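Analysis of the macromolecular model
Listed here are the chains, written in short residue letters.
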Amino acid sequence: MKPSLFKRHQLSKHPETENKPIEFFQRKLTAFQKESKRMSSFTNFNKNIVKASYLASLIIAKDGKPQTIGETLVLPAAKEIVRCVLGDKAAKEIEKVSLSNDTVKRRIDYMSSNIKNKLLLYLNDCNFFALQIGESPDIANMAQLMVFIRFDRNDEIIEEFLFLTFKLLSPSTSSKCFIANLERTS
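When its secondary structure is counted, the chain shows seven helices and three strands. When the elements of the chain are put in sequence order from the N terminus, they spell out α-α-α-α-α-α-β-β-β-α. Counting across all 186 residues of the chain, residues that qualify as buried make up 20%. Taking the contacts inside the chain whose residues are at least 6 apart along the sequence as the reference set, 45% of them involve residues at least 24 apart.

Among the surface-exposed residues, Ile-81, Val-85 and Leu-86 lie close enough to one another that they form a single nonpolar patch of about 340 Å² accessible area. Position of Ile-81 relative to the elements: it lies in helix α4 (residues 69-86).

Trans peptide bonds make up most of the peptide bonds, and negative phi angles are found at most residues other than glycine. For Asn-154, which is not a glycine, the phi torsion comes out positive at approximately 55°. Residue position: Asn-154 is located in the loop between β2 (142-153) and β3 (156-167). Look at Asn-154 and you get exposed, because its relative accessible area is 65%. Phi at Asp-155 takes a positive value of approximately 60°, unusual for a residue other than glycine.

Residue placement: Ser-112 occurs in helix α6 (residues 101-125). Its relative accessible area of 39% is what places Ser-112 among the partly exposed residues. Separated by 51 residues in sequence, Ser-112 and Ala-61 place their C-alpha atoms 9.9 Å apart.

By secondary structure assignment, the location of Thr-17 is in the loop between α1 (3-13) and α2 (22-43). By relative accessible area, Thr-17 is classed as buried at 11%. Of the polar contacts made by the side chain of Thr-17, one reaches the backbone oxygen of His-14; its length is 2.8 Å. In this structure Thr-17 touches Gln-10, Phe-24 and Phe-25, once residues within four positions along its chain are discounted.

Okay, the packing of helix α3 (residues 47-63) against α6 next. The N-to-C vectors of α3 and α6 enclose an angle of 80°; their axes lie 9 Å apart at closest approach. By the angle class used here, α3 and α6 are roughly perpendicular. Packed against α3, whose contacting residues are Val-50, Ser-53, Tyr-54, Ser-57, Leu-58, Ile-60 and Ala-61, the element α6 presents Thr-103, Val-104, Arg-107, Ile-108, Tyr-110 and Met-111 at the interface. Across the contact of α3 with α6, the residue classes tally to nine nonpolar, three polar and one charged.

What follows covers the pairing of β2. In terms of strand pairing, strand β1 (residues 129-137) meets β2 through nine bridges, oriented antiparallel. Looking at the pairing, Glu-135 lines up with Leu-145 of β2.

In this model, α6 (25 residues) spans 36 Å end to end at C-alpha, consistent with the 36 Å of a helix rising 1.5 Å per residue. For α6, every residue scored as buried is listed here: Thr-103, Val-104, Arg-107, Ile-108, Met-111, Leu-119 and Leu-123.

Attention now moves to the nonpolar core. The biggest cluster of nonpolar side chains holds ten residues, and these are Ile-49, Ala-56, Ile-60, Ile-69, Leu-75, Val-97, Leu-99, Val-104, Ile-108 and Met-111. Of all the elements in the fold, those that place two or more residues in this core are α3, α4 and α6. Non-local contacts of Leu-75, meaning those with residues more than four positions away in its chain, are made with Gly-70, Ile-94, Val-97 and Leu-99. Ranked by size, the runner-up nonpolar core spans eight residues in total, among them Leu-119, Leu-123, Cys-126 and Ile-149.

Thresholds applied
- Residues numbered from 1 in each chain as written.
- Predicted model: local features only at pLDDT ≥ 70, side-chain atom pairs only at ≥ 80, totals over all residues.
- Heavy atoms only, no water.
- Helix = DSSP H or I, 4+ residues; strand = E, 2+ residues; numbered from the N terminus.
- Buried < 20%, exposed > 50% of the residue type's maximum accessible area, 1.4 Å probe, protein only.
- Contact = heavy atoms within 4.5 Å.
- Patch = residues over 30% accessible without salt bridge, like charges linked within 9 Å, V, L, I, M, F, W, Y side chains within 5 Å.
- Areas by Shrake-Rupley, 256 points an atom, 1.4 Å probe, with all protein chains shown as cover.
- Salt bridge = Lys/Arg side-chain N within 4 Å of Asp/Glu carboxyl O.
- Polar contact = N/O pair within 3.5 Å; in protein donor to acceptor, adjacent residues only side chain to side chain.
- Axes fitted to C-alpha atoms, helices over the stretch in contact; angles between N-to-C directions.
- Parallel < 35°, antiparallel > 145°, perpendicular 65-115°, else oblique.
- Nonpolar A, V, L, I, M, F, W, Y, C, P; charged D, E, K, R; others polar.
- Pairing = 2+ DSSP bridges.
- Expected span 1.5 Å × (residues − 1).
- Core = buried A, V, L, I, M, F, W, Y, C linked by side-chain atoms within 4.5 Å.

Structure representation (structure tokens):
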């Protein structure tokens, strides 16, 4: 920053520091650097621990279990297994894996968004695709939308099965539900 602009900023935003000695600013700089080091130690994370959290969230999602099972069953069981096999030090490392309800939900949402984006990218690049949609409302007036997509990619036929649920506003057809869901998620 140019000295003239810096001086103007100091006078307009921090007038109380106008007549402070240089040592005051040096102390502030030292305190800021110490705080930055402290913050970086809190934000440091092990990539393997994050990967383990994603893998556990994927297993929970594939099995269709409630997201709370991560912190109530999976993590305590993993800690006890690791404690018996590898000891207390390894069990303390397992405790760092975050499997709280919110974390598992966030990871599942991120993975599903990533799958959707990849699928849309593949569909844009393919020559041909087939789409089959089936819709059925349940007792709670939630639409159960099943989408089966078959497309070509690198001279190979790929099949994907998607399952969507969302609240029905009015009675509608499968195609209306599919279009409404695309508009809602785009």
